[in-house]
Amino acid sequence: MVVTLIGYRGCGKSSVGPLLARQLGCDCVDSDDQIEARAGKSIREIFATDGVDEFRRLETEVLTDLIAQDNIVIAAGGGAILAEVNRQRIQAAGPVVWLRATVETLAARICGDGTTADRRPSLTGKSVEVEVAEVLKARLPLYESTSSIIVDSDMATPQELADEIFSRLPSDAAEGKR
Ligand SMILES: Nc1ncnc2c1ncn2[C@@H]1O[C@H](COP(=O)(O)OP(=O)(O)O)[C@@H](O)[C@H]1O
Ligand SMILES: O=C(O)C1=C[C@@H](OP(=O)(O)O)[C@@H](O)[C@H](O)C1
Ligand SMILES: [Mg+2]
């Protein structure tokens with residue numbers, strides 16, 4: 001059973017993932033942690049030194065390895081759905097959960113998150129509000145079409161979201177089978 005959490009930066013994938021994994025009795029792995037560990041540098045440094053294409057290559061490599069593990073919740077990065085190969089692999093592996101949120105919520109959470117600096121280099125060079133609005137608009141069809149479960153993250157706590165996702169997973173996923 002592989003459950004993958006997708007959604008825009010700040011929607012709460014990294015916060016909800018460990019809570020959901022606890023309920024499922026499995027581990028949660030954050031793909032950004034794995035990418036940084038493999039590269040030996042922060043995501044900001046990867047973007048600056050190696051470029052965004054190298055970051056996306058590492059992201060595909062990490063996701064592929066994580067999916068090969070059984071019994072795992074994957075907190076994906078917000079751009080994981082950009083590559084078709086990633087979309088196909090996470091869909092084939094099990095339930096894909098989109099944590100949907102408004103531009104206002106996402107911008108507020110990104111700006112209020114102390115880890116943003118190293119983990120979330122600018123994607124466009126524009127202000128956070130403008131970037132979220134533009135990039136989210138472009139990605140919305142991919143989040144929607146890739147997900148099998150959608151939860152609204154604006155008004156709920158991470159624990160409430162984990163509870164909702166757990167209750168909506170196919171029963172075989174909750175039993176540790178795919
Ligand atoms: N449901 C929520 N309600 C309020 N704040 C949240 C919620 N989920 C996440 N946050 C906060 O938003 C910021 C980004 O969360 P994070 O889990 O890192 O998102 P993602 O991994 O999707 O980018 C963090 O500061 C986190 O504490
Ligand atoms: O949306 C994106 O393109 C990205 C999202 C980030 O992860 P979070 O969604 O966990 O912030 C991280 O993978 C990187 O900065 C790229
Ligand atoms: Mg994250």
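Residues numbered from 1 in each chain as written. Chains lettered and ligands numbered in written order. Predicted model: local features only at pLDDT ≥ 70, side-chain atom pairs only at ≥ 80, totals over all residues.

Asker: If you had to explain the site of ligand 1 to someone new, which residues and values would you point to?
Answerer: Around ligand 1 there are 17 residues in total, and Gly12, Lys13, Ser14, Ser15 and Arg109 lie nearest to it. When residues of the shell around ligand 1 are assigned to their parent elements, the largest contribution, 3 residues, is made by helix α1 (residues 13–24). Taken together, the residues of the shell around ligand 1 sort by class into 5 nonpolar, 8 polar and 4 charged. (Near = placed C-beta within 6 Å. Helix = DSSP H or I, 4+ residues; strand = E, 2+ residues; numbered from the N terminus. Nonpolar A, V, L, I, M, F, W, Y, C, P; charged D, E, K, R; others polar.)

Asker: Explain the nonpolar core residue by residue, including any values.
Answerer: With 43 residues, the main nonpolar core has Leu5, Ile6, Leu20, Val73, Ile74, Val97 and Leu99 as its most contacted residues. With 5 residues, α1 is the single largest residue contributor to this core. Sequence-distant contacts of Leu5, that is, excluding residues within four places in its chain, are made with Lys13, Val16, Gly17, Val73, Ile74, Ala75, Ala76, Val97 and Leu99. (Core = buried A, V, L, I, M, F, W, Y, C linked by C-beta atoms within 7 Å. Buried ≥ 20, exposed ≤ 12 C-beta atoms within 10 Å, placed from the backbone. Contact = placed C-beta atoms within 7 Å.)

Asker: Please provide a residue-by-residue account of the UniProt feature "binding site: substrate" (unreviewed entry) in the protein chain, values included.
Answerer: When the UniProt feature table is mapped to this numbering, "binding site: substrate" (unreviewed entry) covers Asp32, Arg56, Gly78 and Arg139. The residue Arg56 is located in helix α4 (residues 52–67) in this model. Its 17 C-beta neighbours within 10 Å are what place Arg56 among the partly exposed residues. Filtering out sequence-adjacent residues up to four positions away, Arg56 remains in contact with Leu82 and Ala83. Looking at where Arg139 falls in the secondary structure, it is placed in helix α8 (residues 128–146). Judged by the 18 C-beta atoms lying within 10 Å of it, Arg139 falls in the partly exposed class. Not counting chain neighbours up to four residues away, the residues in contact with Arg139 comprise Tyr8 and Ile81. (UniProt positions renumbered as here; feature names shortened; annotations may be inferred.)

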